[in-house]
Amino acid sequence: QVQLVESGGGLVQAGGSLRLSCAASGRTFSGYTMGWFRQAPGKEREFVAAVTWNGGSTYYADSVKGRFTISRDNAKNTVYLQMNSLKPEDTATYYCAASYGSPYYTHRATSYGYWGQGTQVTVSS
């Protein structure tokens, strides 16, 4: 079992920045690919970013590429999502997720077996 707890959400003006954190506990954190997803009201959960177990590879949704950066610190059992140049359309609940090993489809929510409770990000125009 892996327990995930997100933090760092909040209200920010368009163009601003936030850094989300996801603290993991339980099994060996370094064995997991970590992902961030988001879900806006009335919309499906969508992939944002993912990072492989050693941080060697990162993946991003086209909508956030160049603005968001995912990283991890295995010594701290934590994954981060640095969000810059935020837009109102980034408003959503952001979820951290863990997948053991290296899933073939890192962008699919079904590849992840563990999820956090979510943290709200609201970007005002």
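Note that the coordinates shown come from a computational prediction; the quantities given were computed from them, not determined experimentally. Numbers given for residues are sequential positions, taken from 1 along each chain in its written order. pLDDT decides what is reported in this predicted model: residues at 70 or higher carry local features, side-chain atom pairs at 80 or more are listed and counted, and totals for whole chains, interfaces and linings draw on all residues regardless. The basis for the side-chain values is all heavy atoms of the structure; hydrogens and waters are excluded.

Draft legend 1. View of the side chain of Arg67. Helix and strand definitions here come from DSSP, where helices need a minimum of 4 consecutive H or I residues and strands a minimum of 2 consecutive E residues; each element is numbered from the N-terminal end. For Arg67, the position within the fold is in the loop between strand E6 (58-60) and strand E7 (68-73). Looking at Arg67, its side chain comes within polar contact range of the main-chain oxygen of Ser63, at 2.9 Å. Polar contact criterion, stated in full: a pair of N or O atoms within 3.5 Å, where within protein one must be able to donate a hydrogen and the other to accept it, and residues adjacent in sequence count only if both atoms are side-chain atoms.

Draft legend 2. Here's a closer look at the sheet that holds strand E8 (residues 78-83). Pairs of strands are assigned from DSSP output, requiring at least two bridges between the strands. Strand order in this open sheet of 4 strands is E1-E3-E8-E7, and the pairing throughout is antiparallel. Lying at the two open borders of the sheet, with one neighbouring strand each, are strand E1 (2-7) and E7. Each strand axis lies, on average, 15° off the axis of its neighbour in the sheet, ignoring direction. Pairing of strand E3 (residues 18-26) with E8 involves 6 bridges; the strand directions are antiparallel. By the bridge assignment, Leu18 is partnered in E8 with Met83. To get an axis, fit a line to the C-alpha atoms, keeping to the stretch in contact for a helix; angles then go from 0 to 180 degrees between the N-to-C directions.

Draft legend 3. Local environment of the nonpolar core. Residues belong to one nonpolar core when they are buried, are Ala, Val, Leu, Ile, Met, Phe, Trp, Tyr or Cys, and are joined through side-chain atoms within 4.5 Å. Relative accessibility under 20% of the residue-type maximum defines a buried residue, over 50% an exposed one, and the middle range a partly exposed one, all with a 1.4 Å probe and only protein chains included. With 34 residues, the main nonpolar core has Met34, Trp36, Val79, Leu81, Met83 and Tyr94 as its most contacted residues. For this analysis, residues touch if any pair of their heavy atoms sits within 4.5 Å. Residue contacts for Tyr94: discarding those within four places in its chain leaves Glu6, Leu20, Trp36, Phe37, Arg38, Val48, Phe68, Leu81, Met83, Gly118, Thr119 and Val121.

Draft legend 4. View of the side chain of Ser21. For Ser21, the position within the fold is in strand E3. Given the relative accessible area of 16%, Ser21 is considered buried.

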